[in-house]
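In case you want the letters, here they are:
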Amino acid sequence: MDTEAVWAVGLMSGTSMDGIDAALVKTDGETVAAFGDSYFLPYDPDIRTAVRAVLGERTSDNRISTLEKRLTELNAEAVRALLAKCPVEQAAPRVIGFHGQTITHDPAERFTWQLGDGRRLAELLKTDVVYDFRSADVAAGGEGAPFAPAYHRAVMQDKEKPLVVLNLGGVGNVTWLGPAQDPVSFDTGPANALLDDWVSRHTGQPCDVDGEIARRGTVDRAVLAVLMDHPYFDRPPPKSLDRNDFSLDPVEALSVEDGAATLAAFTVETVSRAPYPEAPRCVWVTGGGRKNPTLMRGLAERLGIPVLPVEEAGLDGDNLEAQAFGFLAVRHLRGRPLSFPSTTNVPQPLRGGRLAKPL
């Protein structure tokens, strides 16, 4: 088996639906030799509206097919823009890891759907593409998420353990890493999704910039208790969520500021109640939520341990998830598993993903 480290592009479009992250990583599928450049291609409002309109769908139609084609073209555009600014040694990646845009995730029904045509992307870019990362895991009875723990383990090898990597995207998820045990991973609950939806509805802004709206509000403890009274939080991990598993109904009667404060507190509370094999010494935060001072301050106060952006570990929190899918693409090529019983509840370590080669 080839064990040489190669350059790979990872493409990630998260549940926040803000755009496409493209990032280069040099890896052998076990360790990371180097980080490359990155590029962010934001979705325009029409794309965000179109994606939001098909959330929860389970059957394709012309509207979804058209959207998938456009999203695939945008991912190709992001890769071209990334490679155009790269040094020569990074400009011809061995493989591309293409996550796609999740529109429905229902592992209980063994169903997950990420929009993105891997075969078309391979043809557009004339490069091997690994795509459809989650379907095999879900079909085997796994949760199909989270999928970054193997990468988190690789980039956190030298950090004191036990530790947690917390991704605050649209949905929150954690990877717990101990000194010797396999990673433990699961979704904690909504991270930015509900808060973004609330702020967008009331102000037209895509998010609560710098946590200012939530900072001005007061947490409604009764409403917070209603939000926390959800059967998901009683389930043992591994477990995963769809973006639409929670609604804004409990906060509808609140002011904009109090609603934002309560939703931010909801994110903090779900993270604080996450069950781990052993209490972590530190929480390293990635994803857009690490830029929200209200969330970060709330987490530090509630958890009582250091809560730090992954930049303090020498990592790039804007691109960690994209890098992860480049790393996973190389693991797929090398025949290594992508998900594990302790991370997705799949019955045994599973390779996953599909490979598309350009014609």
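Residues numbered from 1 in each chain as written. Predicted model: local features only at pLDDT ≥ 70, side-chain atom pairs only at ≥ 80, totals over all residues. Heavy atoms only, no water.

Undergrad: What is the right way to look at the packing of aromatic side chains in this model?
TA: Aromatic rings in a pair are described by how distant their centres are and how their planes are angled relative to each other. This structure, assessed with the given rule, holds eight aromatic pairs. Note on Phe133 and Phe325: the rings are 5.0 Å apart at their centroids and 75 degrees apart in plane angle, and the pair reads as edge-to-face. Placement of the pair is Phe133 in the loop between β6 (129-131) and α4 (135-139) and Phe325 in helix α11 (residues 320-333), with a sequence separation of 192 residues. Side by side, Phe133 and Phe325 carry an identical accessibility label, which is buried. Ring geometry for Phe246 and Phe266: centres 5.7 Å apart, planes at 65 degrees, overall edge-to-face. Placement of the pair is Phe246 in the loop between α8 (221-228) and α9 (256-272) and Phe266 in helix α9, with a sequence separation of 20 residues. Per residue, the accessibility class of Phe246 equals that of Phe266, and both read buried. Here the aromatic residues Tyr232, Phe233, Phe246 and Phe266 are joined through ring pairs into a cluster of three or more. A cation over a ring is seen here: Arg153 above Phe340, with NZ or CZ 5.8 Å from the ring centre. Taking the ring centre of Tyr232 as reference, the NZ or CZ of Lys239 above it sits at 4.4 Å. (Phe/Tyr/Trp six-rings, centres within 6.5 Å; stacked < 30°, edge-to-face > 60°. Helix = DSSP H or I, 4+ residues; strand = E, 2+ residues; numbered from the N terminus. Buried < 20%, exposed > 50% of the residue type's maximum accessible area, 1.4 Å probe, protein only. Lys NZ or Arg CZ within 6 Å of the ring centre and 35° of its normal.)

Undergrad: Help me understand the pattern of salt bridges in this model?
TA: Between side chains of opposite charge, pairing is possible as soon as their charged atoms come close. For the coordinates displayed, the defined rule picks out 24 salt bridges. Arg354 is paired through a salt bridge with Asp132; the nearest N and O atoms lie 3.4 Å apart. Within this pair, whereas Arg354 is found in strand β12 (residues 354-356), its partner Asp132 is found in the loop between β6 and α4, the two being separated by 222 residues in sequence. Across the pair Arg302 and Glu269 runs a salt bridge whose closest N-O atoms are separated by 3.0 Å. Here Arg302 is found in helix α10 (residues 293-303), whereas its partner Glu269 is found in helix α9, with 33 residues between them in sequence. Given a relative accessible area of 11%, Glu269 falls into the buried group. (Salt bridge = Lys/Arg side-chain N within 4 Å of Asp/Glu carboxyl O.)

Undergrad: For this particular structure, what's the right way to read the pairing of strand β4 (residues 95-106)?
TA: Most of β4 is tucked away: twelve of the twelve residues are buried. Bridge analysis of β4 against β6 gives three bridges, and the strand direction is parallel. Counted as the bridge partner of Phe98 is Tyr131 from β6. Of the pairings in the sheet, the one linking β4 to strand β5 (residues 111-115) comprises five bridges and is antiparallel in character. Each bridged residue has a counterpart across the sheet, and for Gln101 the counterpart in β5 is Leu115. The antiparallel pairing of β4 with β5 creates a hairpin that spans four residues between the two strands, and Arg110 there sits at a positive phi of about 55 degrees. (Pairing = 2+ DSSP bridges.)

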